[in-house]
Amino acid sequence: ITEQIAQQNGDSPQRDSDQEDTISPLKDDYKRKTKRNSPPPGEKSPRAVLTYGSNKVKQTDKHSRTGKGRGLPKKGGAGGKGTWGKPGIVYSEEELQCRDQNDIDYESDEEYIIHATNPELTEEEFEINIPPILKDFLHHGDIDELEDALAGLNVSTQKHKVLSLAINMAMDKKATERELVSTLISELYGRYISQKAMQKGFRNILNALDDTVLDIPGAAEMAGQFIARAVADDCLPPAFVKCDAASENGRLALKKAEILLKVKHGMSRLDNIWGMGGARQTVEHLREKMILLIKEYFSSSDLEEGIRCIKDLEVPHFHHELVYQMITLTLEDGTDRTLNLALKFLQALATSNIVTPNEIQQGYQRVFDTISDLALDIPYAPSMLEKFCAFSVQDDIIPESVVSGIPTRGRKRYVSEGDGGQLKEGMTYEVTA
């Protein structure tokens, strides 16, 4: 470095020729730098900063060497970073507005319309919200209320799952609930569920039948009935029963549906494929079914089958009609066999609480109220009724207080009875256990 400075000042220090040149690697590099930065003859050399091992020279003179411009500020003082414009100029509101649509401060002249968003339910939210709604529907059967509840939930891409869940829940219930779901499918088709979602929902039912039959043994047959009913209601195309299913039970369900649709007048019969259970039945229809049930019981003496049929009717509020018809038919038949069968049947219903005590007493009271009319066709009906009530008390079917409600009627007594043929105004009946 000392030699370099000395050469710039014009001095040439003496060196020993025999001495080893230790800076020879830097000598050529320094000469190149000095030659490159040397000014022309007659001009002063600018002060340079030498950097070891670099070819760059940082000059301290920052003035422009191009010779362009008059040295005035850019844009008359209105340009540059941190400037607010020319002094004395006032900008209007239109000039200050941002015109770049991509700018965050851009304001459009168009009116903003804000729409409320309703995000779709996740799988977890679906499992939390939908099952309770369907359970309530199976309880009250109001389709309009179900639609209102579903309208507040966004399940646009999961409507087929609503259908599958409703059918699975109905399979584990009685015929009344299955009829409700079939009616629901018919009502929601087109308004809430599209044909594509309808078919997808039934395919999910068919594909999962192998697992469903483990909990519900008759699921395959019921799935076929649901499919046949949906085809009859024009909710599924008839060609749907021709498709293939992934599970063996699914194929059995499709076969069941195909058979039901091929039956003569099958389309009309499918309207009542689940029967007409529950309170939706008319009083006349229920009365006819109960009379037929009682007559079949008197003929077969099958107590278990008779009780099962009573349960399938699902009309606990109308059991008093069953008691009334049972006593009336017993009085009409007038045989001891029928009387014993009727008492056995009523005792079984009272013991198992299938028919409540109130319904039983109401049925007996209805017979008491109409005994005068029955006596016109059945002369021995009053005495037969007294005998029937006596045995009913002994079998704990009714309390003894109910017997006091039997109407009394005057009847002519025969001389053989010991009263000289006098008219007896009333009669009492005492029961001993």
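**As for the overall build of the protein**
Scanning the protein from terminus to terminus reveals 19 helices and 2 strands. Out of the 433 residues in the protein, the part that is buried amounts to 34%. Of the roughly 29100 Å² of accessible surface on the protein, a fraction of 50% belongs to carbon and sulfur atoms.

**A short note on the environment of methionine 326**
Residue placement: methionine 326 occurs in helix α15 (residues 319-333). On a C-alpha basis, the gap between methionine 326 and leucine 341 in space is 9.9 Å, while along the polypeptide they are 15 residues apart. If near-sequence neighbours (up to four positions away) are discounted, methionine 326 is found in contact with Ile294, Phe298, Ala342, Phe345 and Leu346.

**Considerations on α15**
An ideal rise of 1.5 Å per residue puts 21 Å on 15 residues; α15 measures up with 21 Å between its terminal C-alpha atoms. Most of α15 is tucked away: 13 of the 15 residues are buried. Looking one or two places after α15, you find glycine 334, whose phi comes out positive at around 75 degrees.

**A short note on the pattern of salt bridges**
Scanning the model with the defined rule gives 13 salt bridges in all. In this structure, arginine 191 and glutamate 187 form a salt bridge, with 3.9 Å as the shortest nitrogen-oxygen distance. Assessed through its relative accessible area of 53%, arginine 191 is described here as exposed. Look at glutamate 187 and you get partly exposed, because its relative accessible area is 37%.

**Remarks on the packing of α15 against helix α18 (residues 381-394)**
For the pair α15 and α18, interaxial distance at closest approach is 10 Å and the crossing angle is 125 degrees. When the axes of α15 and α18 are compared, the pair comes out oblique. In the crossing of α15 with α18, the sense of the turn from one axis to the other is right-handed. Across the interface between the two elements, Ile327, Thr330 and Leu331 from α15 touch Ala381, Met384, Leu385 and Phe388 from α18.

**Section: a negative patch on the surface**
A cluster of like negative charges, contributed by Asp136, Asp142, Asp144, Glu145 and Asp148, occupies part of the molecular surface. The element contributing the most residues to the negative patch is helix α5 (residues 143-151), with 3 residues. Mapped onto the elements of the fold, aspartate 144 is located in helix α5. The class of aspartate 144 is exposed, set by a relative accessible area of 51%.

**Quick notes on the packing of aromatic side chains**
Aromatic ring pairs: the centre-centre distance and the angle between the two ring planes describe each pair. Considering all chains together, one arrives at 4 aromatic pairs under this definition. An angle of 45 degrees between the planes, with centres 5.9 Å apart, marks the rings of tyrosine 297 and phenylalanine 298 as tilted. Looking at tyrosine 297, the relative accessible area reads 2%, which means it is buried. Among the residues examined, phenylalanine 298 registers a relative accessible area of 12% and is labelled buried. Members of the aromatic cluster, joined through ring pairs, are Tyr297, Phe298 and Phe345. For lysine 161, the ring lying beneath its charged end belongs to phenylalanine 126, and the centroid distance is 4.7 Å. Between the NZ or CZ atom of arginine 366 and the centre of the ring of tyrosine 324, over which it lies, the distance is 4.3 Å.

**A word on the packing of helix α13 (residues 283-300) against helix α16 (residues 336-351)**
Close contact between α13 and α16 brings their axes to 10 Å; oriented N to C, the two are set at 115 degrees. When the axes of α13 and α16 are compared, the crossing they make is right-handed. Facing Leu293, Tyr297, Phe298 and Ser299 of α13, the residues of α16 in contact are Arg337, Thr338, Leu341, Ala342, Lys344 and Phe345. Its residues assigned to classes, the contact of α13 with α16 shows 6 nonpolar, 2 polar and 2 charged.

**Regarding the confidence of the model for the protein**
In low-pLDDT regions, the fine details of the predicted coordinates are not to be read closely. Scored by pLDDT, the protein comes out at a mean of 78, with 69% of its residues at no less than 70. Note on residues 16-23: pLDDT is under 50 here. Beyond four places in sequence and across chains, it has 3 contacts. Throughout residues 48-62 the model reports pLDDT below 50, and contacts reaching past four residues in sequence, or to other chains, amount to 13 contacts.

**With respect to the nonpolar core**
Ile167, Met171, Phe202 and Ile227 are the most contacted members of the largest nonpolar core, which totals 56 residues. Going through the elements one at a time, α4 (123-140), α5, α6 (159-171), α7 (175-188), α8 (195-207), α9 (209-215), α10 (219-232) and α11 (248-262) are the ones with two or more residues in this core. Tallying contributions element by element places α10 first for this core, with 9 residues. Residue contacts for methionine 171: discarding those within four places in its chain leaves Arg178, Ile205, Thr212, Ile216, Ala219, Met222, Ala223 and Phe226. If you look at the next biggest cluster of nonpolar residues, it comprises 47 residues, including Tyr297, Leu329, Leu339 and Ile354.

**Considering unusual backbone geometry**
The phi angle at aspartate 234 is positive, at roughly 65 degrees, despite the residue not being glycine. Here aspartate 234 shows up in the loop between α10 and α11. Judged by its relative accessible area of 59%, aspartate 234 falls in the exposed class. At aspartate 396, a position not held by glycine, the phi torsion is positive, near 60 degrees. Considering the arrangement of structural elements, one finds aspartate 396 in the loop between α18 and α19 (400-403). For aspartate 396, a relative accessible area of 66% corresponds to the exposed category.

**Thoughts on α8**
Because an α-helix completes one turn every 3.6 residues, residues spaced three or four positions apart along the sequence face the same direction. Between its first and last C-alpha atoms α8 spans 18 Å; for 13 residues at 1.5 Å apiece the expected length is 18 Å, and the two agree. If you check which residues of α8 are buried, you get Ala197, Met198, Gly201, Phe202, Ile205 and Leu206.

**Here's the deal with the environment of isoleucine 406**
Of note, isoleucine 406 is situated in the loop between α19 and β1 (411-412). Along the chain, isoleucine 406 and glutamine 365 lie 41 residues apart, while their C-alpha atoms are 8.2 Å from each other. If we skip the residues at most four places from it in the chain, isoleucine 406 touches Phe368, Glu386 and Cys389.

Criteria and cut-off values
- Chains are numbered independently. Their residues run from 1 in the order of the written sequence.
- Whole-chain, interface and lining totals are the exception, using all residues; otherwise, since this is a predicted model, local features are given only for residues with pLDDT of at least 70 and side-chain atom pairs are given and counted only at 80 or more.
- Values reported for side chains reflect all heavy atoms of the structure, with hydrogen atoms and water molecules removed beforehand.
- Helix and strand assignments follow DSSP, with helices taken as H or I runs no shorter than four residues and strands as E runs no shorter than two, numbered in order from the N terminus.
- A 1.4 Å probe rolled over the protein chains alone gives each residue an accessible area, and that area as a share of the maximum for its type sets the label: buried under 20%, exposed over 50%, partly exposed in between.
- Each accessible area is a Shrake-Rupley estimate made with a 1.4 Å probe; only the visible protein chains count as cover when residues are assessed.
- Only heavy atoms matter for contacts: two residues are in contact if any of them lie within 4.5 Å across the pair.
- Expected span of a helix, by definition, is 1.5 Å for each gap between consecutive residues, and there is one gap fewer than residues.
- Within this document, salt bridges are pairs made up of a side-chain nitrogen of Lys or Arg and a carboxyl oxygen of Asp or Glu, the two lying within 4 Å of each other.
- Each axis is a line fitted through C-alpha atoms, and for a helix only the stretch in contact is used; angles between axes span 0 to 180 degrees, taken between their N-to-C directions.
- Any angle between 65 and 115 degrees counts as roughly perpendicular, while under 35 counts as roughly parallel, over 145 as roughly antiparallel, and the rest as oblique.
- Left-handed describes a crossing in which the near helix is turned anticlockwise from the far one by less than a right angle; the clockwise case is right-handed.
- Every patch collects residues that have over 30% relative accessible area and no salt bridge, joining them within 9 Å if they carry like charges and within 5 Å if they are nonpolar side chains (Val, Leu, Ile, Met, Phe, Trp, Tyr).
- For the charge count, each Lys or Arg is scored as positive and each Asp or Glu as negative, with His and the chain ends excluded.
- By convention, charge coordinates are those of NZ in Lys, CZ in Arg, CG in Asp, or CD in Glu.
- A pair of aromatic rings is counted whenever rings of Phe, Tyr or Trp (Trp by its six-membered ring) have centres within 6.5 Å, and the orientation is called stacked for planes under 30 degrees apart, edge-to-face for over 60 and tilted otherwise.
- By the criterion adopted, a ring carries a charge over it if an Arg CZ or a Lys NZ lies within 6 Å of its centre and within 35 degrees of its normal.
- Throughout this entry, Asp, Glu, Lys and Arg are counted as charged residues, while Ala, Val, Leu, Ile, Met, Phe, Trp, Tyr, Cys and Pro are counted as nonpolar. The remaining residues, Gly among them, count as polar.
- Residue-level confidence of the predictor is what pLDDT reports, using numbers from 0 through 100.
- Among the buried residues, those of types Ala, Val, Leu, Ile, Met, Phe, Trp, Tyr and Cys that are joined through side-chain atoms within 4.5 Å form a nonpolar core.

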